[in-house]
Amino acid sequence: MVCDTLGAVIEHSELRIAVVGAGPAGVYSSDIFLRELKNKGEELGIGTSARIDVFEKLPVPFGLVRYGVAPDHPGIKFIAEALEKTLDNPDIHLYCDVEFGTDVMLDDLLRRYDMVLFATGAVEDRPLDLPGVGLDGVYGAARFVEWYDGYPDGPRDWPLAARQVAVIGGGNVAMDVSRELMRHADDLHAHTDIPDNVYEGIRRNAARELHLFVRRGVAQAKFSVQELRELEKLSGVQLVVDEEDFELDAETIEKAGHDKLTRQMVEELFVIRDMARDMADDGGVDYNGDPADRAYHLHFNASPTELLGTAGAVNAVRVERTDTGADGVMHRTGVFTDYPAQAVYHAIGYKPARAAGIAYDNRRTVLANDEGRILSDAQDGVVVPRLYATGWAKRGPIGLIGSTKSDALLIVGHMLDDLAGEAAAGRLAPDRDPASIDRLLAQRGVRPIDFAGWKRIDGFERAQGAEEGREHKKVVEPERLRGLAHGESR
Ligand SMILES: Cc1cc2nc3c(=O)[nH]c(=O)nc-3n(C[C@H](O)[C@H](O)[C@H](O)COP(=O)(O)OP(=O)(O)OC[C@H]3O[C@@H](n4cnc5c(N)ncnc54)[C@H](O)[C@@H]3O)c2cc1C
């Protein structure tokens, strides 16, 4: 009898899962959930069918893949295509332009979905704690990235009048920002989807000298080899390094060799050191041997301690020389140098977003969670049933897009186990009418953009690009994106 009842539940009602955030973590998790359910659902007694509704606050999907990754990363278009293919699935329903916490609340979702998975990622910078950070001309990398990637609510103009610029940070975002600040606009225009306002802005960029400051040594940086290879091929740019930074002791070299990625990064940095020597010997040329009109200085063991200014605007960065041993512990030396800079960018990490009604772990800067299970509080460790987190919302702002796949596998495993442990085969939401969410949104005057709407935007962007012999050209204004998605403008 019990079996019959459960059988009827499973047969007549698919599982309902809400995913908040259509970045890579949300999209991969949706796909992996459906696959794993097909494989294991029967055995777990929860059936094999589910409907997943993905809510995204922006008018378009893909999160930082569209609005974080630098436009000149060629591999990214394949990732975007793979994510798009995943979304093109009748069991996954896209609700873009629907913000959790404003348009839908936690109670709305728990009424209609058996489980809610937060994949809300990150958009803001971790703040820089240095004297002078409030001076004009000091920028967080995230806003600059929003500008060059055309984030819907991002700035449309960017001040690029500084001749000398500084970037603070030892990771890939600092590399991206530095590269875009040193690029010739025409190189970028030909090979990327940048919109006209970004092309015009970069064309007028006055920066001729850039200083990138990395607090620790060559062996402790967090650059990927791909980023370094891109740095090596900037036309018109002379690379400049401090030879002293490359005097590594035997222990540091040995330790770097233990980890493949670190070893490759250090080897590539030595390639850059050699290139910098040749570029200087040849009288200040770029990688092609052509005269350089820009200089890109790469400083390791350089910890900014203060931003200096006059009349409220930044004009220099004070940097303390550091010394980092093989153990990775950084020592200060008390030796300071001031570098002139009329614009300073800090790229010291992103800060994952909060979600209404979900506890935030201020120490780890993530949604409070234990291996992806949401906790009532970051300290007390009590799991809140039916709520999960994945991607940067769960793990923090580190790791490449590929890591969101491993997150997804772990979290989906927990979700399936938890569903199997529930009565009624995990059918926990009282309102099981799939159209109920559409009625709720309509009542609230919210007009979601579905996958077909996204395809209309994408089609338009491709057509616009083709007119200029490019593959794609981004539309940036949110109202225009909405108009295109709803078939109301061309
Ligand atoms: C500047 C930068 C450059 C990068 N470059 C690379 C690179 O070249 N290669 C690489 O592999 N990785 C790169 N990364 C890392 C990569 O972007 C992340 O690993 C990945 O995007 C994390 O995925 P996510 O889905 O967790 O978060 P996100 O990509 O941030 O996606 C989260 C989504 O949730 C949405 N959202 C947030 N709050 C709400 C809400 N309240 N309601 C509804 N929706 C919401 C957001 O709008 C967003 O679409 C880069 C990261 C940054 C910041």
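This report concerns the structure included in the present document. Predicted model only: the values in this text are computed from it and were never measured.

Read from one edge to the other, the open sheet built from 3 strands follows the order β11-β12-β13, with strand pairing classed as antiparallel. Taken across any chain shown, the strands that pair with only one partner, and hence form the sheet edges, are β11 (302-310) and β13 (330-340). Looking at each pair of strands side by side, their axes are set apart by 25 degrees on average, direction ignored. Across 8 bridges, β11 lies against strand β12 (residues 313-324) in antiparallel orientation. In the strand pairing of β12, Ser-303 is matched with Glu-320.

What follows concerns the site of the ligand. If you check the shell around the ligand, you find 38 residues, and the closest are Gly-21, Gly-23, Gly-63, Gly-121 and Gly-391. If you list the elements that add at least two residues to the shell around the ligand, you get α2 (24-44), β2 (50-56), α3 (63-67), α7 (172-182) and α13 (392-395). Formed jointly, the shell around the ligand draws a minimum of three residues from each of two domains, domain 1 (2-123 + 353-448) and domain 2 (127-348).

The interhelical angle for the contact between α2 and helix α14 (residues 403-420), taken along N-to-C directions, is 40 degrees, at an axis separation of 8 Å. Put simply, α2 runs oblique to α14. Between α2 and α14 lies a crossing whose hand is right-handed. Mapping the contact onto sequence places Pro-24, Ala-25, Tyr-28, Ser-29, Ile-32, Phe-33, Glu-36, Leu-37, Lys-40 and Leu-44 in α2 and Thr-404, Lys-405, Asp-407, Ala-408, Leu-409, Ile-411, Val-412, Met-415, Leu-416 and Ala-420 in α14. Broken down by class, the residue content of the contact of α2 with α14 amounts to 14 nonpolar, 2 polar and 4 charged.

All right, on to the sheet that holds strand β14 (residues 343-346) then. A sheet is described by the order of its strands in space; here 6 strands give the open sequence β6-β14-β7-β8-β10-β9, paired in parallel fashion. Edge positions in the open sheet fall to β6 (138-140) and β9 (237-241), since each of these has one partner strand only. Neighbouring strand axes in the sheet, compared pairwise and without regard to direction, differ in orientation by 20 degrees on average. Taken strand by strand, helix α6 (residues 141-149) contacts β6 and β14, and its axis lies near 75 degrees from that of β6.

Calculation criteria
Residues numbered from 1 in each chain as written. Predicted model: local features only at pLDDT ≥ 70, side-chain atom pairs only at ≥ 80, totals over all residues. Pairing = 2+ DSSP bridges. Helix = DSSP H or I, 4+ residues; strand = E, 2+ residues; numbered from the N terminus. Axes fitted to C-alpha atoms, helices over the stretch in contact; angles between N-to-C directions. Near = placed C-beta within 6 Å. Domains from an automatic or database assignment. Parallel < 35°, antiparallel > 145°, perpendicular 65-115°, else oblique. Left-handed = near helix turned anticlockwise from the far one by under 90°. Contact = placed C-beta atoms within 7 Å. Nonpolar A, V, L, I, M, F, W, Y, C, P; charged D, E, K, R; others polar.

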